[in-house]
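Structural characterization, general
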Amino acid sequence: ARLYRPGEDPLTVLEAGTVRRALLNSSAAWVLQFYSSSCGHCIGFAPTWRALAGDVRDWEPAIRIGVLDCGEEENYETCKEYGILYYPTFRYFKAFTKQFTTGENYKAGSDRELQTVRQMMIDFLQNHSQESRPPACPPLDPIPSSEIASLFDKTSHHYTAIVVESSNSYVGREVILDLIQYENIMVKRVLNSDKAFLEKLGITSIPSCYLIYPNGSHGLINILKPLRSFFSSYLKSLPGVRRKLVSQLPLPKKQSKQEGTEIKAWKEFDKAKLYMADLESGLHYLLRVELATHKTLEGAELKTFKDFVTVLSKLFPGRQPVVKLLETLQEWLVSLPLDKIPYDAILDLVNNKMRISGIFLTNHIQWVGCQGSKPELRGYTCSLWKLFHTLTVQAAVRPKALINTGFEDNPQVVLQIMRRYIQHFFGCKACAQHFEEMAKESMESVKTLDKAVLWLWEKHNVVNDRLAGDPSEDPKFPKVQWPTPDLCPECHDEIKGLHSWNEVQVLQFLKHHYHHENILYKYAEGQVNANEIELGDVRERKDKNLPKKMSGDKEDKILDQQNMLDSKSKVLDKLITNNGPVKDRGKNAIESVIHKETKPSVSFLGIGFSNIDMSLCVVLYVASSLFLMIMYFFFRMRSKRWKVRYYRPAV
Ligand SMILES: Cc1cc2nc3c(=O)[nH]c(=O)nc-3n(C[C@H](O)[C@H](O)[C@H](O)COP(=O)(O)OP(=O)(O)OC[C@H]3O[C@@H](n4cnc5c(N)ncnc54)[C@H](O)[C@@H]3O)c2cc1C
């Protein structure tokens, strides 16, 4: 939880290991913000959330403020369990919940102003039943004026403060909660409906605060401004009123890790280059985190996912295992006759089944060109931009790549898929709305693949312009109009003293910058061999219909099916049992795709070998060594026996 620092910020920083324990059977209600440290809106909202937590710090025994960072790898699963699709998401949890609950989207759609959230917290507390109300929370409903009158001129061991207000005012309830940690004082609220009573007390304006002293005397408090903060601080400063000793509240365990201070070693990089580590890390986050928050994909979401994977499999300029993974996934999705797919099945295929065949995608995040000067800055959203720019450029430089996909004649293909991806899956809802507005305005006017490259460049610059100076801006990477003159001097012109873009040069620059030949593999996980880097070229050759067969391509090689698949796959079993024969076809589809796609994972002298080839080699090598040793000892024994039998030394 790097946006919020445990111990420093006045809120509870939760994580996968602590959240359930904190919420279950808690004596206080909770308001949790599920956020992602890479989400610009979450960064922008953090000061408000911190200020709110500070403002209601005294309410802690009744209602608590917490945060959980869904952008942290160890929290991915937890956020999925709570069904978090977008960031930030606010959930309210009642006190004394006996079972796991995903919380309430209490009054979803209200604004996120500090005051609105504070008032929603009060409403939420009042929404508790009598039995489940946090014991530290005093009654918040107004009391009748007659009850107040009965307290006059009677001694008591505490003060009684009465906030007189209108029915829609929250001041009384706020003051009540502000003082729950203080002893020798009780705060109550009365509505201004009994005019005669107010007149008797000399109350002429509301809100007002009337005080009954322990000796029974009473009077109106004269306060400069009738505001919550003035009332609360006056009451807290009364003689004898003091803070209670730390109550025995079941506080969540203190975090031992100081996440806020963790800064990874800076990786030097060339800003004129593209880094495969960024693209692969982004793909990992997209497939395993962002999409994984969706339990099942169906309808428009499934269609978007399928189309996105199709485009990725054809255009992603990745290393061989990653491209194979995308191709396998694409074929599997096409062959699966389902209109609803549990996302776990996709994860199972990506994480387990394909890995067995040596087809894998890094599961570690390694930002290079997308690293931020603080851990919460840049990262995933940067890589997503880079991914889509790369795809628009790849579509423009390899127009034949999309042949037979149904997208070949569509110059907007990448843009439209990006638009749908952002709409359905992007964790930042507000960003998606902005992007949708831009798409609605002009995406339809894009008529060529080159124009698509330029459209995305232009719109990205609009976003850069809007976010300049925003709290999500990394001071080390200011939001500027890109490419800057140092990266592309030819892109910049001046007409009558005004800056203008030379779009021909910009297009040329983008086609160079986001071209696979501009990708560096430094910091990318795993070894890189020449064959892998060559892949882009290989696919380009394929596009140009030059039938250069990949060396060692053993397409007709059929591998032992049962060895390749984890027969105990829970997800597949679920698919089969839940859906009968149709899903059987689904399982076969997975098997056949994986088998067909089992391609060389090691290359030697230009010949590709799969993992099975390698294992067979080792087995044969060991067997033949053993055979040679046995033969050696056999003949040695024989020759000894022969010598003993026939060799008689002369006496
Ligand atoms: C579709 C989308 C919409 C978003 N909307 C919002 C929003 O509304 N509010 C918000 O707070 N955040 C939004 N974000 C996130 C935000 O745009 C940045 O990604 C984030 O602030 C990180 O910025 P960055 O410094 O890494 O640069 P980014 O803007 O992420 O850019 C990444 C890299 O792309 C290159 N680049 C920069 N400009 C261009 C360009 N014009 N053309 C081609 N390449 C370029 C540069 O190398 C740069 O380092 C959005 C992200 C996406 C993908």
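One can find the structure itself at the top, above this paragraph.
Worth saying up front: this structure is predicted, and the values here are computed from it rather than measured.

Parameters and conventions
- Residues numbered from 1 in each chain as written.
- Predicted model: local features only at pLDDT ≥ 70, side-chain atom pairs only at ≥ 80, totals over all residues.
- Heavy atoms only, no water.
- Near = heavy atom within 4 Å.
- Polar contact = N/O pair within 3.5 Å; in protein donor to acceptor, adjacent residues only side chain to side chain.
- Areas by Shrake-Rupley, 256 points an atom, 1.4 Å probe, with all protein chains shown as cover.
- Helix = DSSP H or I, 4+ residues; strand = E, 2+ residues; numbered from the N terminus.
- Nonpolar A, V, L, I, M, F, W, Y, C, P; charged D, E, K, R; others polar.
- Pairing = 2+ DSSP bridges.
- Axes fitted to C-alpha atoms, helices over the stretch in contact; angles between N-to-C directions.
- Contact = heavy atoms within 4.5 Å.
- Core = buried A, V, L, I, M, F, W, Y, C linked by side-chain atoms within 4.5 Å.
- Buried < 20%, exposed > 50% of the residue type's maximum accessible area, 1.4 Å probe, protein only.
- Parallel < 35°, antiparallel > 145°, perpendicular 65-115°, else oblique.
- Left-handed = near helix turned anticlockwise from the far one by under 90°.
- Disulfide = S-S within 2.5 Å.

The next thing to look at is the site of the ligand. Taken together, 26 residues lie around the ligand, and R378, W457, H460, K479 and Y514 are the ones closest in. In this structure, H434 approaches the ligand through a side-chain N or O atom, which is 3.1 Å from an oxygen atom. Take K479: an N or O atom from its side chain is 2.6 Å from an oxygen atom of the ligand. Considered on its own, the ligand offers 950 Å² of accessible surface; in the complex 94% of this is hidden by protein. Sorting the residues of the shell around the ligand by element identifies α2 (40-55), α13 (380-397), α14 (413-425), α15 (429-442) and α16 (449-467) as the ones contributing at least two each. Here the shell around the ligand takes seven residues from α16, the largest share from any one element. A per-class count over the shell around the ligand returns 13 nonpolar, nine polar and four charged.

Spatially, the four strands line up as an open sheet ordered β1-β3-β2-β4, and their pairing is mixed. Every interior strand has two partners, whereas the edge strands, β1 (12-14) and β4 (89-93), have only one. The average undirected angle you get between the axes of adjacent strands in this sheet is 25°. Sitting on the sheet, helix α4 (residues 114-126) touches β2 (29-35), β3 (63-69) and β4, and the angle it makes with β4 is about 30°.

For the rest of this paragraph, the subject is the sheet that holds strand β8 (residues 208-212). One open sheet accounts for four strands, arranged β7-β5-β8-β9; its pairing is mixed. Looking at strand neighbours, the two that pair on one side only are β7 (185-191) and β9 (218-220), the edges of this open sheet. Going across the sheet, the axis of each strand differs from the next one's by a mean of 20°, ignoring polarity. The sheet strands contacting helix α8 (residues 228-236) are β5 (159-165), β7 and β8, and the helix crosses β8 at an angle near 15°.

All right, on to the side chain of Q181 then. Looking at the secondary structure, you find Q181 in the loop between α6 (171-178) and β6 (182-183). Those residues in contact with Q181 that lie beyond four places of it in its chain are R57, D58, E60, P61, R242, R243 and K244.

Our focus in this paragraph is the nonpolar core. Grouped burial of nonpolar side chains is what soluble globular proteins tend to show. Core analysis: the biggest nonpolar cluster contains 157 residues, and W49, I185, L235, F305, L329 and L387 have the highest contact counts within it. By residue number, the principal contributor to this core is α13, which donates ten residues. Excluding its chain neighbours within four sequence positions, the residues that come into contact with F305 are L287, L291, L297, L329, L333, Y343, I346 and F425. If you look at the next biggest cluster of nonpolar residues, it comprises twelve residues, including I162, V190, I203 and I212.

Each regular strand shows side chains that alternate between the opposite faces of the sheet. The buried fraction of β2 amounts to seven of the seven residues, a majority that puts the element mostly inside the structure. Of the two faces of β2, the one holding A29, V31, Q33 and Y35 and the one holding W30, L32 and F34 are both buried throughout. Judged from the seven bridges that link them, β2 and β3 form a sheet pairing that is parallel. Its bridge partner lying in β3, V31 is registered against I65. Pairing geometry for β2 and β4, over five bridges, is antiparallel. Within the sheet, the bridge partner assigned to V31 lies in β4 and is Y92.

Let's shift gears to the packing of helix α11 (residues 320-335) against helix α12 (residues 343-356). Here α11 crosses α12 at 135°, and the two axes come no closer than 11 Å. In terms of their interaxial angle, α11 and α12 are classed as oblique. In the crossing of α11 with α12, the sense of the turn from one axis to the other is right-handed. Between α11, through L325, T328, L329 and W332, and α12, the contact on the second element is made entirely by A345, I346, L349, V350 and M354. Residues belonging to the contact of α11 with α12 are distributed by class as follows: eight nonpolar, one polar and no charged.

Turning our attention to the state of the cysteines. Taken as a whole and judged by the stated rule, the model has four disulfides. Each sulfur of the disulfide joining C70 and C79 lies 2.1 Å from the other. A torsion of -90° about the S-S bond marks the disulfide between C70 and C79 as left-handed. This pair shows no difference in class: C70 is buried, exactly as C79 is. Residue pairing for C370: its cysteine sulfur links by disulfide to C382, the two sulfurs lying 2.1 Å apart. The sign of the -70° torsion about the S-S bond sets the C370-C382 disulfide as left-handed. Of this pair, C370 sits in the loop between α12 and α13 while C382 sits in helix α13, placing them twelve residues apart in sequence. Taken N- to C-terminal, the disulfide-bonded cysteines of the protein are connected 1-2, 3-4, 5-6, 7-8.

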